[in-house]
Amino acid sequence: MTTVSTLAPWLGGALVAGGVAVAASRRRELMVRWCAWAVGVPLITAAFWCGRPGAAAVALVAGVVAAMEFGGLMRLGRVDRVVLAGAVAGVVLAAWLAPGQVLRAAAIGALAVAAVPLLEGDTEHGAHRAAFGVFGLAWLSALAALVPLGADGLALFVAVSVADIAAYFAGRALGGPGLSPLSPAKRWSGTLAGAAAGLGVLALLSAQTWPMAVAVAVGGPAGDLLESMVKRGARAKDAGSWLPGSGGLLDRIDSLLVALAVLLVLS
């Protein structure tokens, strides 16, 4: 059984090994990204160590920040962003405090998001605001799955993150056919290498079940492409600029979001 205590040594070792590799590369952007990981990984691991309340706190903070970033990408107004963030937070809190009411919380959130342009009588952009708000709620609410998953959710996050990194370097090194017009820099070679790396991480962490494997190998790349589609529609390179080496938080958790959704469907 996967527990946070069994994951912690592997995460610490991966940070050290990554630090050595980054130092050897002497690439500033990689060093900046590793520093962000060196701060974030211990904090997230400590939160998951606290059980469901800690996992809920991680999902809550990530959901609110990602909702504000998504609202910025879609050029939604401040009220729309705040209501969307509140709706995502409501779903996460329901997953923690009232698991049987998650669907009701999601439905209430969708109605609240759609009600903002409706009550304002926005005839010009109302449909745009409501559609993107409901889409954002459905997309980001997958974070609520971290609460019941616990250590498995942490293992999934680690696996998709390693898969992303491996796909980036393998794709650049191996080349070959492109994966999708949505992300011209991504290659099938990188995606397959990333999937193999992610599955290897699951095996090392004793978390390799077939739903987890499909979530990493299929859900992770799909999540990356989904955010690429959203950013291309918004004509933006990144969802934010505050997270060193990653742009915004949404750029860091895009693969995790769809991986979580796939895992929920298959479990």
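All values derive from a computational prediction rather than experimental measurement.

Student: Looking at this structure, I do not really get the overall build of the chain. What am I missing?
Tutor: Tallying secondary structure elements over the chain gives eleven helices and two strands in all. Taken from N to C terminus, the helices and strands of the chain fall in the order α-α-α-α-α-α-α-α-β-β-α-α-α. Against the compact-globule benchmark of 18 Å for 267 residues, the chain has a radius of gyration of 18 Å, which places it among compact chains. A buried classification covers 45% of the 267 residues belonging to the chain. A separation threshold of at least 6 residues defines the contact pool for the chain, and within that pool the share at least 24 residues apart is 71%. Of the charged side chains in the chain, 18 are positive and 13 negative; the average position of the first set lies 6 Å away from that of the second.

Student: Looking at this structure, I do not really get the packing of helix α8 (residues 151-174) against helix α10 (residues 210-234). What am I missing?
Tutor: Helix packing geometry: the angle between the two helix axes and the distance between the axes. α10 packs onto α8 with a crossing angle of 35° between their chain directions and a minimal axis gap of 9 Å. When you trace α8 past α10, the crossing you get is right-handed. Between α8 and α10, the contacting residues are Asp152, Ala155, Leu156, Ala159, Val160 and Ala163 on the first element and Met212, Ala215 and Val216 on the second. Per-class residue counts for the contact of α8 with α10 are eight nonpolar, no polar and one charged.

Student: What is the right way to read the nonpolar core from this model?
Tutor: Here is a general trend for soluble globular proteins: nonpolar side chains tend to be buried in one another's company. Formed by 66 residues in total, the largest nonpolar core has its most connected members in Trp139, Leu143, Leu156, Leu250 and Leu260. Considering every element that reaches this core, the biggest residue donor is helix α11 (residues 249-266), with ten residues. Leu156 has contacts with Met212, Ala215, Val216, Leu256, Ala259, Leu260 and Leu263, leaving out every residue within four places of it along the chain.

Student: What is the right way to look at helix α9 (residues 188-204) in this model?
Tutor: For the α-helix, the turn length of 3.6 residues means that residues three or four positions removed from each other point alike. Taking 1.5 Å as the rise per residue, α9 with 17 residues should run 24 Å; its terminal C-alpha atoms sit 24 Å apart, in good agreement. Regarding α9, the residues found buried are Ser189, Gly190, Thr191, Gly194, Ala195, Gly198, Val201 and Leu202. Just downstream of α9, Ser206 is the residue with a positive phi angle, here 55°.

Student: Honestly, the pairing of strand β2 (residues 183-187) in this entry has me stumped. Any pointers?
Tutor: The side chains of a regular strand alternate between both faces of the sheet. The pairing of strand β1 (residues 178-180) with β2 spans two bridges and is classified as antiparallel. Each residue of the ladder has a partner; that of Gly178, found in β2, is Arg187. As consecutive antiparallel partners, β1 and β2 are separated by two residues.

Student: Sorry if this is basic, but what is going on with the pattern of salt bridges here?
Tutor: Note on pairing: side chains with opposite charge can pair once their charged atoms come close. Enumeration over the complete set of coordinates arrives at eight salt bridges. Through salt bridges that share partners, Asp80, Glu120, Asp122 and Arg129 make up one connected network.

What counts, and at which threshold
Residues numbered from 1 in each chain as written. Predicted model: local features only at pLDDT ≥ 70, side-chain atom pairs only at ≥ 80, totals over all residues. Heavy atoms only, no water. Helix = DSSP H or I, 4+ residues; strand = E, 2+ residues; numbered from the N terminus. Rg over C-alpha atoms; globule rule 2.2 N^0.38 Å. Buried < 20%, exposed > 50% of the residue type's maximum accessible area, 1.4 Å probe, protein only. Contact = heavy atoms within 4.5 Å. Lys, Arg positive; Asp, Glu negative; His and termini not counted. Charge placed at Lys NZ, Arg CZ, Asp CG, Glu CD. Axes fitted to C-alpha atoms, helices over the stretch in contact; angles between N-to-C directions. Left-handed = near helix turned anticlockwise from the far one by under 90°. Nonpolar A, V, L, I, M, F, W, Y, C, P; charged D, E, K, R; others polar. Core = buried A, V, L, I, M, F, W, Y, C linked by side-chain atoms within 4.5 Å. Expected span 1.5 Å × (residues − 1). Pairing = 2+ DSSP bridges. Salt bridge = Lys/Arg side-chain N within 4 Å of Asp/Glu carboxyl O.

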